[in-house]
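# Survey of secondary and tertiary structure
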Amino acid sequence: MTLKAVLFDFNGVIINDEALHQQLIEEILLEENIRPNSSAYREICLGRSDRACLTDLLTQQGRLVTDEYIDALIQRKSKRYLDKLATLDPLPIYPGVADALYKFKAVHLKIGLVSGALREEIQLVLERGKLLNDFSVIVSADDIQTSKPDPDGYLLAVDRFNADFPDLTLVPSDCLVLEDTPAGITAAKRAGMSVVGVANTYPFHMMQRQANWTVDYLTELEIERIQRVFEGHTSGQTAA
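Residues numbered from 1 in each chain as written. Predicted model: local features only at pLDDT ≥ 70, side-chain atom pairs only at ≥ 80, totals over all residues. Heavy atoms only, no water.

Attention shifts here to the overall build of the protein. Scanning the protein for helices and strands turns up 10 helices and 7 strands. The C-alpha radius of gyration computed for the protein amounts to 18 Å, which stays within 12% of the reference 18 Å derived for 240 residues, consistent with globular compactness. Out of the 240 residues belonging to the protein, those deemed buried represent 49%. Within the protein, contacts between residues at least 6 apart in sequence are counted, and of these 65% link residues at least 24 apart. About 11000 Å² of surface is accessible on the protein, with carbon and sulfur atoms providing 48% of the total. (Helix = DSSP H or I, 4+ residues; strand = E, 2+ residues; numbered from the N terminus. Rg over C-alpha atoms; globule rule 2.2 N^0.38 Å. Buried < 20%, exposed > 50% of the residue type's maximum accessible area, 1.4 Å probe, protein only. Contact = heavy atoms within 4.5 Å. Areas by Shrake-Rupley, 256 points an atom, 1.4 Å probe, with all protein chains shown as cover.)

Listed below in structure tokens is the structure:
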């Protein structure tokens with residue numbers, strides 16, 4: 001087993017926007033004559049795509065949900081999200097993201113991103129943060145119909161790496177994933193990947209119970225130590 005690629009989650013790992021997403025989802029619910037519930041949002045939506053989030057929240061309220069209805073709500077929310085980001089300067093990108101990307105490139109790892117966010121949202125943030133060129137592969141909500149904790153996005157990323165870099169011969173066990181939610185960690189593990197839990201959204205102890213490694217901040221990530229674990233064909237519930 002050799003570490004060959006690192007896959008980032010987006011919301012909650014690269015950009016600190018979870019509160020904004022909750023605000024916008026709650027606005028949408030109010031407009032649909034549904035009273036928002038913060039506990040339901042946290043339980044149902046964190047780490048999952050807008051499609052999965054809205055579908056489950058509306059179904060829970062007995063609403064008839066169609067693809068066309070959900071598509072319209074997603075587009076309404078996305079426009080407001082992009083409009084809000086346009087007013088923020090700088091964007092709330094987490095400290096340590098650029099440094100982590102530099103460390104991964106320095107040891108010649110391929111870098112990708114797997115998210116339930118729309119591609120337009122991801123590209124806007126990465127372009128404004130001058131990070132877009134660091135990612136060889138991006139899998140977004142535009143590419144898959146399922147949502148984390150299903151592993152489809154991570155498995156698609158492996159396929160795309162191999163299509164773009166045939167000599168890489170990447171398999172899921174050669175990948176390290178950076179995630180901030182239980183849904184994301186579960187998706188990566190179901191795909192057969194090792195995970196660093198970043199305690200941006202949930203507390204350290206919750207991440208530590210599920211991830212292979214856990215850090216409070218990306219700046220604490222010790223990539224050389226993780227590489228040694230991969231080379232030794234071992235993994236453990238340890239803090240990086």
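Evaluation of the coordinates by the stated rule reveals 1 disulfide. Each disulfide pairs two cysteine sulfurs, and for C45 the partner residue is C53, the sulfurs being separated by 2.0 Å. The disulfide joining C45 to C53 has a torsion of about 65° about its S-S bond and is therefore right-handed. For the pair shown, C45 and C53 are each scored as buried. (Disulfide = S-S within 2.5 Å.)

Quick look at the packing of aromatic side chains now. As enumerated under the stated definition, the model contains 4 aromatic pairs in all. Look at F8 and F135: their rings are 5.6 Å apart centre to centre, the planes differ by 80°, and that puts the pair in the edge-to-face class. Taken together, the residues F8 in strand β1 (residues 5-8) and F135 in the loop between α6 (119-128) and β3 (137-139) connect sequence positions 127 residues apart. Taken together, F8, F104 and F135 form an aromatic cluster joined through their ring pairs. Across from the ring centre of Y202, 4.7 Å away, lies the NZ or CZ of R42, which sits over that ring. Its end group placed over the ring of F165, K110 keeps NZ or CZ at 3.9 Å from the ring centre. (Phe/Tyr/Trp six-rings, centres within 6.5 Å; stacked < 30°, edge-to-face > 60°. Lys NZ or Arg CZ within 6 Å of the ring centre and 35° of its normal.)

Turning our attention to the pattern of salt bridges. The final tally for this structure, using the stated rule, is 16 salt bridges. Where E179 meets K148, a salt bridge forms, and the shortest distance between an N and an O atom there is 2.7 Å. A residue pair is termed long-range when its members are at least 10 positions apart, and E179 in strand β4 (residues 175-179) and K148 in the loop between β3 and α7 (152-164) qualify at 31 residues. As far as burial versus exposure is concerned, E179 and K148 are alike and both buried. (Salt bridge = Lys/Arg side-chain N within 4 Å of Asp/Glu carboxyl O.)

Counted at 1.5 Å a residue, the expected span for helix α1 (residues 18-31) with its 14 residues is 20 Å, and the 20 Å between its end C-alpha atoms agrees. Buried within α1 are the following residues: E18, L20, H21, L24, I25, E26, I28 and L29. Those residues of α1 that are buried lie in contact with α2 (38-45), α3 (50-60), α4 (67-86) and α6. Among the residues trailing α1, N33 stands out with phi positive, at a value near 60°. (Expected span 1.5 Å × (residues − 1).)

A separate point is the layout of surface pockets. Roughly 200 Å³ of volume is contained in the largest pocket. Along the wall of the largest pocket there are 15 residues; nearest its centre are R51, I74, L118, A141 and D142. Only α3 and α4 provide two or more residues apiece to the lining of the largest pocket. Within the lining of the largest pocket, the residues separate by chemical class into 4 nonpolar, 7 polar and 4 charged. (1 Å grid on protein atoms, 1.4 Å probe; cavity = no way out; pocket = protein on both sides within 12 Å on 5 of 7 lines; lining within 4 Å. Points joined across faces, edges and corners; volume = space filled by probe spheres on them. Nonpolar A, V, L, I, M, F, W, Y, C, P; charged D, E, K, R; others polar.)

For A183, the position within the fold is in helix α8 (residues 182-190). Given a relative accessible area of 13%, A183 falls into the buried group. A C-alpha to C-alpha distance of 9.3 Å links A183 and C45, two positions 138 residues apart in sequence. Not counting residues within four places of it along the chain, the set of residues in contact with A183 comprises L46, G47, R48, K148 and P149.

Below, the discussion takes up the pairing of strand β2 (residues 110-114). Most of β2 is tucked away, with 4 of its 5 residues classed as buried. Where β1 meets β2, 4 bridges bridge the pair, whose relative direction is parallel. Looking at β2, one finds that L7 is bridged to G112. Sheet analysis places β2 next to β3, joined by 3 bridges and oriented parallel. By the bridge assignment for β3, L113 is matched with I138. The parallel pair β2 and β3 is bridged by α6, and the resulting crossover is right-handed. (Pairing = 2+ DSSP bridges. Right-handed = clockwise from strand over helix to strand, strands pointing away.)

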